[in-house]
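Breakdown of the fold
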Amino acid sequence: MKKVNVLFIGAGRMAEAIISGLLKRQREKINQIVVTNRSNRERLEEIEGRYGVTVAQSWQEHVPKADVILLAMPPDYHPEVLTSLAPHIQDQLVATVAGGMGLHRLEKRLPSGTAVAWLMPNTAAHIGESISPYTLNAHVTAEQKVMVEMMVEGIGKGVACSEQEVHDLTAITGSAPAFIYRIAELLEESARDVGMPAEQAHQLVAQMIYGAGKMLIEGEDPAYLRDQVASPGGSTAAGLGVLEKRGLRDIMREAVQATNERARELTADQET
Ligand SMILES: NC(=O)C1=CN([C@@H]2O[C@H](COP(=O)(O)OP(=O)(O)OC[C@H]3O[C@@H](n4cnc5c(N)ncnc54)[C@H](O)[C@@H]3O)[C@@H](O)[C@H]2O)C=CC1
Ligand SMILES: O=C(O)[C@@H]1CCC=N1
């Protein structure tokens, strides 16, 4: 594969996570990363200083050289940016990470036949540990598919999905890290309540979540793992009992639903 030129439109948290992961794991496969945003010059300087990438205030002049144009900006700004991008597109792959976006909202504003991709990474991209469902339209060439794979593998693991699956997984892999971080905050709070210094509380909880995650990664079934922790009639069972009694299953289901519904709402007005 030839070395890839990636143009970022949007320089926020997700763009930074992807840039950081890519430079850590795929530096030799990247020719150039150009990062642009709407107006925040300071933010561009920060990204330039941190990663040594090229930054620019306008993306137009960088489109001809780009192999992949990655929109890492809020869903509601997509229509205007795609419309201004359209006349510049030749054979670039246009990708987005925006929640709720899907492929057809990209396709309808770009020249017919444009290769488009929708990726749904999470912020663990920063350390090369994202899990990123992605979907491609029929115009993506074999070479462009390799580029997308290089990018998702550069920031962690990729899973090729249907468009509907990416919609459905947005809450579960894109947003749920925030659910886990909320649980971490609350457990740290409990540790501090019993007198642990904040830093130690943080380390204890982080290592516990890391260990639990690693057991899952090794392929164990979560129900089995839970069972291994909860001795019958023991203390963990008492805690789990509270979670069940308070409706954890319904809470999680509602949280997933609300997340995916909001992603759909944010792009609903882009149908026309
Ligand atoms: N933060 C996360 O964990 C994840 C975010 N995403 C998606 O990534 C996208 C960006 O989210 P964040 O990075 O969290 O937001 P953010 O608010 O940190 O960054 C947004 C960036 O977009 C830029 N921007 C806004 N309008 C623009 C325009 N018209 N032209 C050029 N640049 C423009 C802003 O200057 C900023 O650099 C969203 O679509 C979100 O759905 C997807 C997966 C995970
Ligand atoms: O909160 C958001 O809108 C984005 C989409 C997936 C994760 N963060």
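Remember, it's a predicted structure, so these values are computed and weren't measured experimentally.

This brings us to the nonpolar core. By size, the foremost hydrophobic cluster in this structure holds 37 residues, and its most contacted members are Phe 8, Ile 18, Ile 19, Ile 33, Val 35 and Val 53. Within the residue set of this core, elements represented by two or more residues are strand E1 (4-9), helix H1 (13-25), strand E2 (30-36), helix H2 (41-51), strand E4 (68-71), strand E5 (93-96), strand E6 (115-119) and helix H5 (142-154). The element contributing the most residues to this core is H1, with seven residues. Residues in contact with Ile 33, not counting those within four places in the same chain, are Val 6, Phe 8, Ile 19, Leu 22, Leu 23, Val 53 and Thr 54. Counting 26 residues, the second-largest nonpolar core is a separate cluster that includes Ala 66, Met 73, Leu 106 and Trp 118.

In the UniProt entry, the feature "domain: Pyrroline-5-carboxylate reductase catalytic N-terminal" (unreviewed entry) is given for residues 6-97. The distance from the first to the last C-alpha atom of residues 6-97 is 14 Å, and the span holds 35% helix and 24% strand.

Ligand 1 sits among 21 residues. The nearest are Ala 11, Arg 13, Met 14, Met 73 and Gly 99. Here an oxygen atom of ligand 1 and a backbone polar atom of Ala 11 are 2.8 Å apart. Here an oxygen atom of ligand 1 and a backbone polar atom of Met 73 are 2.7 Å apart. Contact with the protein chains covers 80% of the free accessible surface of ligand 1, which is 830 Å². Taking a 2 Å distance to the grid points as the criterion, the majority of the atoms of ligand 1 fall inside the second largest pocket. Elements with a contribution of two residues or more to the shell around ligand 1: H1 and helix H3 (78-85). For the shell around ligand 1, the residue count by class is 13 nonpolar, five polar and three charged.

With that out of the way, let us pick up the UniProt feature "domain: Pyrroline-5-carboxylate reductase dimerisation" (unreviewed entry) in the chain. This chain's UniProt record puts "domain: Pyrroline-5-carboxylate reductase dimerisation" (unreviewed entry) on residues 163-266. This span, residues 163-266, is 86% helix and 0% strand, and a straight line between its end C-alpha atoms measures 17 Å.

In terms of domains, the chain is made up of domain 1 (4-161) and domain 2 (168-268). A separation of 30 Å is found between the C-alpha centroids of domain 1 and domain 2. Of the residues lining the interface, twelve residues belong to domain 1; the matching set on domain 2 comes to eight residues. Contact between domain 1 and domain 2 buries roughly 800 Å² in total, counting both sides, with carbon and sulfur atoms accounting for 66%. In this structure, the connection of domain 1 to domain 2 is made through zero salt bridges. Across the side of domain 1 that touches domain 2, the residue classes tally to eight nonpolar, three polar and one charged.

The periodicity of an α-helix, 3.6 residues per turn, causes residues three or four places apart in sequence to face the same way. Turning to H3, its buried residues number three or more, namely His 78, Pro 79, Val 81, Leu 82 and Leu 85. Here the buried residues of H3 occupy an arc of 170° about the axis, which is enough to place them on one side. Check the buried side of H3 and you find it contacts E1, E4, E5 and helix H4 (104-107).

We now examine the environment of Tyr 77. Along the chain, Tyr 77 turns up in the loop between E4 and H3. With a relative accessible area of 28%, Tyr 77 lands in the partly exposed category. Measuring from C-alpha to C-alpha, the distance between Tyr 77 and Thr 267 comes to 9.9 Å, with 190 residues separating the pair along the chain.

Throughout the structure, instances matching the rule amount to nine salt bridges. Between Lys 2 and Asp 67 there is a salt bridge, with the nearest N and O atoms lying 2.6 Å from each other. On the criterion of sequence distance, the pair formed by Lys 2 in the segment before E1 and Asp 67 in the loop between strand E3 (54-56) and E4 is long-range, its members being 65 residues apart. When its relative accessible area of 43% is taken as the criterion, Lys 2 is described as partly exposed. Overall, Asp 67 belongs to the buried group, its relative accessible area being 11%.

The rules behind each value
- Residues numbered from 1 in each chain as written.
- Chains lettered and ligands numbered in written order.
- Predicted model: local features only at pLDDT ≥ 70, side-chain atom pairs only at ≥ 80, totals over all residues.
- Heavy atoms only, no water.
- Core = buried A, V, L, I, M, F, W, Y, C linked by side-chain atoms within 4.5 Å.
- Buried < 20%, exposed > 50% of the residue type's maximum accessible area, 1.4 Å probe, protein only.
- Helix = DSSP H or I, 4+ residues; strand = E, 2+ residues; numbered from the N terminus.
- Contact = heavy atoms within 4.5 Å.
- UniProt positions renumbered as here; feature names shortened; annotations may be inferred.
- Near = heavy atom within 4 Å.
- Polar contact = N/O pair within 3.5 Å; in protein donor to acceptor, adjacent residues only side chain to side chain.
- Areas by Shrake-Rupley, 256 points an atom, 1.4 Å probe, with all protein chains shown as cover.
- 1 Å grid on protein atoms, 1.4 Å probe; cavity = no way out; pocket = protein on both sides within 12 Å on 5 of 7 lines; lining within 4 Å.
- Sits in = over half its atoms within 2 Å of the grid points.
- Nonpolar A, V, L, I, M, F, W, Y, C, P; charged D, E, K, R; others polar.
- Domains from an automatic or database assignment.
- Buried area = accessible area lost by both parts, 1.4 Å probe.
- Salt bridge = Lys/Arg side-chain N within 4 Å of Asp/Glu carboxyl O.
- Arc of directions from axis to C-beta.

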